[in-house]
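# Understanding the architecture of this molecule
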Amino acid sequence: MSPKRWNKTLLMLGIFALALVFLTSVIAQDEAPDPGQPIKNLQFQSADIQSVLTFLADYGGVNVVVAPNVKGTVTIKLNDILWRTAMDIIGRTYGLAVVDESDGYLRVLPAEEYRKEVTQNEKHKKEQRDLVELETKIVRISNSTSGDIVKAVKTLMTDRGQVMSDDRSNSIVLQEVPSNIPVVLKYIAELDRPARQIKISTQLLEIFTEDLQELGISWGAEGTYTTESGRSYPQSAEVTDRVSDYAGAYRIMAMQAGWTVDAVVKSIVNSGKGKVIAHPEITTIDNKEARIQMGQKIPIKQFDESGNVVIIFEEVGTILRVTPHITAENQILMHLMPERSTYQFDPNGVIINTSNAETHVIVSNGQTAVIGGLTTQDEVESEIGVPFLKDIPILGMLFKYTNKRNETRDLVIFVTPTIVEEGLAMEG
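Residues numbered from 1 in each chain as written. Predicted model: local features only at pLDDT ≥ 70, side-chain atom pairs only at ≥ 80, totals over all residues. Heavy atoms only, no water.

## Details of the overall build of the protein
Along its length, the protein carries nine helices and 21 strands. Relative to its 428 residues, the protein shows a buried fraction of 32%. Long-range contacts, defined here as pairs at least 24 residues apart, represent 62% of the contacts in the protein between residues at least 6 apart. (Helix = DSSP H or I, 4+ residues; strand = E, 2+ residues; numbered from the N terminus. Buried < 20%, exposed > 50% of the residue type's maximum accessible area, 1.4 Å probe, protein only. Contact = heavy atoms within 4.5 Å.)

## Notes on the layout of surface pockets
Of the voids in this model, the largest pocket is the one considered here, and its volume is about 310 Å³. Forming the boundary of the largest pocket are 13 residues, of which N143, S144, D148, I149 and L191 lie nearest the centre. A total of three residues in the lining of the largest pocket trace back to one element, the largest contributor, which is helix α5 (residues 146-153). Residue composition of the lining of the largest pocket, by class: five nonpolar, four polar and four charged. (1 Å grid on protein atoms, 1.4 Å probe; cavity = no way out; pocket = protein on both sides within 12 Å on 5 of 7 lines; lining within 4 Å. Points joined across faces, edges and corners; volume = space filled by probe spheres on them. Nonpolar A, V, L, I, M, F, W, Y, C, P; charged D, E, K, R; others polar.)

## Observations concerning the sheet that holds strand β4 (residues 96-100)
In spatial order, the strands read β2-β5-β4; together these three strands make up an open sheet with mixed pairing. Strands with a single pairing partner mark the edges of an open sheet, and in this sheet they are β2 (63-66) and β4. The mean angle between the axes of side-by-side strands here comes to 20°, regardless of whether they run parallel or antiparallel. In the sheet, β4 pairs with strand β5 (residues 105-110) via five bridges, with the strands oriented antiparallel. Across the sheet, the residue bridging to L96 is P110, located in β5. Contacts between helix α2 (residues 49-60) and the sheet are confined to β2, β4 and β5, with β2 contributing the most and set at about 165° to the helix. (Pairing = 2+ DSSP bridges. Axes fitted to C-alpha atoms, helices over the stretch in contact; angles between N-to-C directions.)

## Digging into the sheet that holds strand β8 (residues 171-176)
Here three strands make up an open sheet; going across it, the order is β6-β8-β7 and the pairing antiparallel. Only two strands of the sheet have a single partner each, and these edge strands are β6 (135-140) and β7 (162-166). Recorded for the sheet is a direction-independent mean angle of 15° between the axes of neighbouring strands. Relative to β8, β7 runs antiparallel, the two sharing five bridges. When the bridges of β8 are listed, V163 appears paired with L174. Its contacts with the sheet place helix α6 (residues 181-191) against β6 and β8, and it is angled at close to 160° to β8.

## Some thoughts on the pattern of salt bridges
Under the definition given, this model contains eleven salt bridges. Between D100 and R84 there is a salt bridge, with the nearest N and O atoms lying 3.0 Å from each other. Of this pair, D100 sits in strand β4 while R84 sits in helix α3 (residues 83-93), placing them 16 residues apart in sequence. Taking relative accessible area as the criterion, D100 reaches 52% and is therefore assigned exposed. One salt bridge connects E135 with K137, and the closest N-O pair in it is separated by 3.9 Å. Owing to a relative accessible area of 32%, K137 belongs among the partly exposed residues under this scheme. What emerges from the salt-bridge pattern is a single network uniting R84, D88 and D100. (Salt bridge = Lys/Arg side-chain N within 4 Å of Asp/Glu carboxyl O.)

Okay, structure coming up:
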């Protein structure tokens, strides 16, 4: 048999095998194939690869263009396979690229040829960008600072593009190729959304440790918090009773709904054993630090490199830094950094005693976090003596004496974050 007749015979056998598979495996009871359903049995033995690809495209109801240099035979056996998955498997196995074109058809060509094509297209686009004239846009920022947004926008700029911040007008100046301008503008619009605001309400309560013991207040708490969904969370801590009827009990990480902060504070203040030293409120935006400081600035002498005396001022007192963040569940994650410091004079200068803490806590909107354990000790001198007699010059020394004692005071901080609704924020 001549080679020409042999090739014709093989072609007829391939067409016959393809028709047989189509009739037995795809079409059941004379119904049209459903492209969304997997092919139960897909089997080819040395079938022409272009015929197989055309068959799969017909099954999926799509147009296909196969490159002329895609040649060879296919031998596969697949069960319960989607037509497009089968086409991708053939492409990976036989070094082909199956490309979805934007016009709605499939294009099949050798993978190496496709990679070269993509590389050449990207090179051509880059050359076009290098030749095109840059476009300038000025974008005014309404809800943020232009300097913050510029840092993020730089990652989207092309090699020729430039972005600058004009702090005076709070605007961004863009110089970019025209094709990339819409992408950058959309990104800026997403970043320049109005930031949510959180009101931070705090109460700073100072209690003398000795009085705390007299009251019988022990650092403990108990109770049950029930969420809106009905789930209950018991809250308890170890409590040590010093007296049978103590004035109050607290030490909770997050005071839940129904536990009134003011009632706890008043039970201490009204007894004369403590005092509210401040009740500041401050509003900040999401993820921005709010800082509350009460105290003094102490001048401290230092020497610069030339030996000149330089006076700097150190803040001493109570400082609370709060960085709130609204989570996806509308809860508030707070980064709390309380600090309390005192100072005393020393022959060598000024000694600053500092106690601080740092923690993260999650509370619901309007709930309260409590910070305790910031303790300071002061040496107090008081004059005690017989009235009138102790005031007599010289002789009065016999009727009085000086009492020195150390006073220990605890600072308790209640922090309540509340999300400011958009309508209220705009009115304010």
